[in-house]
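Descriptive analysis of the structure
Listed here are the chains, written in short residue letters.
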Amino acid sequence: MNRIIDINEAVKMSEAIIVDVRSEGEFAEATIPGAINLPLLDNMQRALVGIAYKEQGSDAARRLGLDLVAPGLGRYVESFRRLAPGGGIILFCWRGGLRSKFVAELLDTMGLDTYRLKGGFKSYRRFVNDYLGRDALPQQSIVLHGLTGVGKTEVLAELKQAGMPVLDLEGMARHRGSVYGKIGLPRSPSQKMFEALIVQELMNAEQTGFFVVECEGRRLGKLLVPEILLQAIKSGRPILLYAELEQRVRRIKDIYAGREDGIQALQESTSYLTRYLGRKKVEELNTLLAAERLEDVFSYLLTNYYDPLYKYPACPSRDYELCVDTADIRKAARRIREYIIKLPEY
């Protein structure tokens, strides 16, 4: 049988498989994190049905939709059988309307246990907006600060592997938060998807009562960090990470060196700094990049651009609850974990 459930029930069903039956284009724009896309109508079919609806009305659009999907219904059902032989599937479309209802009834007829999300993806968007629209987050944030290249992302990865609740905003945004932030990374998600990923991780952190996050500004590339999260970062427990300049340069070089298009991509990105460094200096830096003198370029940018911009201490400071040398990332992560498990929030 198929049952209608609301979003609050759906997010608690951790064992269920979530299936987005919207088109590939809708799925690519944003979906419920973890959802699998099995579109009832593909992009072109959906467009044709939309045209029929506008020009001929709902009955004509429904008949066309049925004609389009009918030849492939057998294969479509088999896709669900392979995905979840015993059922336990949550279906959703845009508003919880015709598409998810049709698929739910079809699967019900074929003996698969399904749930249909009331209100569809729109109800999930309301859920995300409500979560991020509160006055404050219920979790305490533990915030990693430090100059560019000290290894904040690497420390977050170690903490996550150790079972700590981590909010890796740069990973979610697929942007490293610098002028070189998009080099070698796939396309960033939409703002809606970025927010959905954030809410998913925040919900995962509710049981522990805290999460670890890197200090970020308002923007990560073209994406905006939600205001409630910026407030949590500002009021969080501050931890300072620090490392020698040579180590920071080496870490940055390890990220970008060896890429087939690396030098060209670095030069193109460096050109965006013309308004801050001047045309002559950017030309000098790009000449150094052409000669593969990456250490010289990164050392200059850290010393003369990024360090003065962020103004973090390069050594221990009393302004932070904990200061950690990141020469050894694993050792640094262990020290932070030891600090965390002694907190009352833990």
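In what follows, the structure referred to is the one given above.
Remember, predicted model here, so these are calculated numbers, not experimental data.

1. A look at the layout of surface pockets
The space that makes up the largest pocket amounts to roughly 1,200 Å³. Lining the largest pocket are 48 residues, and of these E170, R176, G177, S178 and Y310 sit closest to its centre. Mapped onto the lining of the largest pocket, the elements with two or more residues apiece are helix 8 (152–161), helix 9 (169–173), strand 9 (219–220), helix 12 (245–256), helix 14 (274–277) and helix 16 (294–310). Top element by residues in the lining of the largest pocket is helix 16. It accounts for 7 residues. For the lining of the largest pocket, a count of residues per class yields 23 nonpolar, 13 polar and 12 charged. Computed from the structure, the second largest pocket encloses a volume of approximately 910 Å³.

2. Regarding helix 8
The set of residues buried in helix 8 consists of K152, V155, L156 and L159. End-on, the buried residues of helix 8 take up no more than an arc of 100°, which puts them together on one face. Where helix 8 is buried, its residues contact strand 6 (140–145), strand 7 (166–167), strand 8 (210–214), strand 11 (237–242) and helix 17 (329–340). Residue G163 follows helix 8 closely and has a positive phi angle near 95°.

What counts as what
- Counting restarts for each chain: residues are numbered from 1 in the order of the written sequence.
- With pLDDT at 70 or above as the cut-off, local features in this predicted model cover only qualifying residues; side-chain atom pairs require 80 or more to be listed or tallied, and sums for whole chains, interfaces and linings still use all residues.
- Think of the side-chain values as coming from all heavy atoms in the structure, minus any hydrogens and water.
- Grid points spaced at 1 Å over the protein atoms alone were grouped into cavities, where a 1.4 Å probe fits but cannot get out, and pockets, open sets with protein on both sides within 12 Å along at least five of seven lines, with lining residues defined by an atom within 4 Å of a point.
- Grid points are joined across faces, edges and corners, and a volume is the space filled by probe spheres set on the points.
- Secondary structure elements are defined from DSSP: runs of H or I of at least 4 residues count as helices, runs of E of at least 2 residues count as strands, and each element is numbered from the N terminus.
- Under this grouping Gly is polar, as are all residues other than the nonpolar Ala, Val, Leu, Ile, Met, Phe, Trp, Tyr, Cys and Pro and the charged Asp, Glu, Lys and Arg.
- Summary of the burial criterion: residues with accessible area below 20% of their type's maximum are buried, those above 50% are exposed, and those between are partly exposed, where the area comes from a 1.4 Å probe applied to protein chains only.
- Note that the arc is defined by the directions from the helix axis to the C-beta atoms.
- Contact between two residues is taken to exist if any of their heavy atoms lie within 4.5 Å; hydrogens are not considered.

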